[in-house]
Amino acid sequence: AQSVTQLDSHVSVSEGTPVLLRCNYSSSYSPSLFWYVQHPNKGLQLLLKYTSAATLVKGINGFEAEFKKSETSFHLTKPSAHMSDAAEYFCVVSDARRNSGTYKYIFGTGTRLKVLA
Amino acid sequence: DTGVSQNPRHKITKRGQNVTFRCDPISEHNRLYWYRQTLGQGPEFLTYFQNEAQLEKSRLLSDRFSAERPKGSFSTLEIQRTEQGDSAMYLCASSLRATGVYEQYFGPGTRLTVT
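Summarised in this report is the structure supplied together with it. (Residues numbered from 1 in each chain as written. Chains lettered and ligands numbered in written order. Predicted model: local features only at pLDDT ≥ 70, side-chain atom pairs only at ≥ 80, totals over all residues. Heavy atoms only, no water.)

Some points on the overall build of chain B
- Check the secondary structure of chain B and you find 0 helices and 11 strands.
- Each helix and strand of chain B, ordered N terminal to C terminal, gives the series β-β-β-β-β-β-β-β-β-β-β.
- For a compact globule of 115 residues, the expected C-alpha radius of gyration is about 13 Å, and chain B comes in at 14 Å, within 12% of that figure.
- Principal-axis analysis of the C-alpha atoms gives chain B an extent of 45 × 25 × 25 Å.
- Each of the 115 residues in chain B was classed as buried or not, and the buried ones make up 49%.
- Partitioning the contacts of chain B with sequence separation of at least 6, the portion at a separation of at least 24 is 53%.
- Total accessible area on chain B stands at roughly 5,900 Å², and carbon and sulfur atoms take up 44% of it.
- Both charge centroids of chain B, one from 15 positive and one from 12 negative side chains, sit 5 Å from each other. (Helix = DSSP H or I, 4+ residues; strand = E, 2+ residues; numbered from the N terminus. Rg over C-alpha atoms; globule rule 2.2 N^0.38 Å. Buried < 20%, exposed > 50% of the residue type's maximum accessible area, 1.4 Å probe, protein only. Contact = heavy atoms within 4.5 Å. Areas by Shrake-Rupley, 256 points an atom, 1.4 Å probe, with all protein chains shown as cover. Lys, Arg positive; Asp, Glu negative; His and termini not counted. Charge placed at Lys NZ, Arg CZ, Asp CG, Glu CD.)

Rendered as structure tokens:
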């Protein structure tokens, strides 16, 4: 079975300092991995996706994630946090079993990012 | 706006009542998903449609829940005889069957409160 584990439920950083949100995955297949952000009262927005083309993935708003197969990790980073980054972040693995066309998402439990002025 | 839309955005109902939610996906997307998100948790998969065919249902989807996508466009999710445990955010997402990675686009959700 596929799963993701987000290692921190809450992360606090000061504005202008780096952000690290940790995610480990478990998959029997070559995984498709995503990071989504959820601002209060807004829908889930795709930040970035791992397509197996490159292990370092660049997303929107300055976020990046690095796929490390040996560590089964897909951590999200940003060099400098902005107040507007405060939100809930979800790491997601897509259920891409061979011969299964569902590709449903399996979400982590989320990491709430707080940015301090 | 050409994104995924959901109606209503909020629904308050009394236990035992039936409720129906609607999702309008991005127009060319043939895949449609329903998820449920409870407080402090990540969304959990409920069901999946490819065009009008419902191809997978989660064990979370009890027999009080039914979903349809009659013409392969919009979808409805009905909950009969609501219970307090049904209180959650119900999210709809759509994607396009194509080569490569199938990212999903989410609507704003319908927040259900059962009193």
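Read on, since the account is not over.
Some remarks on the environment of Tyr90(B)
All names here are of chain B.
- Secondary-structure assignment places tyrosine 90 in strand β9 (residues 88-95).
- As for tyrosine 90 and proline 108, which are separated by 18 residues in sequence, their C-alpha atoms are 9.0 Å apart.
- Each residue touching tyrosine 90, except ones within four places of it in the same chain, is listed here: Gln6, Phe21, Tyr35, Arg36, Leu46, Phe65, Leu77, Ile79, Gly109, Thr110 and Leu112.
- In this structure the side chain of tyrosine 90 is engaged in a polar contact, spanning 2.6 Å, whose partner is the backbone oxygen of aspartate 86. (Polar contact = N/O pair within 3.5 Å; in protein donor to acceptor, adjacent residues only side chain to side chain.)

What to know about the state of the cysteines
All names here are of chain A.
- By the definition in use, this model includes 2 disulfides over all chains.
- Between the sulfur of cysteine 23 and that of cysteine 91 lies a disulfide, 2.0 Å long from S to S. Disulfide cysteine 23-cysteine 91: torsion about the S-S bond near -65°, hence left-handed. With cysteine 23 in strand β4 (residues 23-26) and cysteine 91 in strand β10 (residues 87-94), this residue pair connects regions lying 68 residues apart in the sequence. (Disulfide = S-S within 2.5 Å.)

Re the nonpolar core
- Residues Trp35(A), Leu48(A), Phe74(A), Leu76(A) and Tyr89(A) are the most contacted members of the largest nonpolar core, which totals 26 residues.
- Those residues in contact with Leu76(A) that lie beyond four places of it in its chain are Val19(A), Leu20(A), Leu21(A), Trp35(A), Leu47(A), Leu48(A), Phe63(A), Glu64(A), Ala65(A) and Tyr89(A). (Core = buried A, V, L, I, M, F, W, Y, C linked by side-chain atoms within 4.5 Å.)

So, the pattern of salt bridges
Residues and elements named next belong to chain B.
- As enumerated under the stated definition, the model contains 9 salt bridges over all chains in all.
- For the salt bridge of arginine 64 with aspartate 86, the shortest nitrogen-to-oxygen distance reads 2.8 Å. Residue arginine 64 is found in the loop between β6 (53-57) and β7 (65-68), and its partner aspartate 86 is found in the loop between β8 (75-79) and β9; the two are separated by 22 residues along the sequence. Taken as a pair, arginine 64 and aspartate 86 share a single burial class, namely buried.
- Residues participating in the shared-partner salt-bridge network are Arg64, Glu83 and Asp86. (Salt bridge = Lys/Arg side-chain N within 4 Å of Asp/Glu carboxyl O.)

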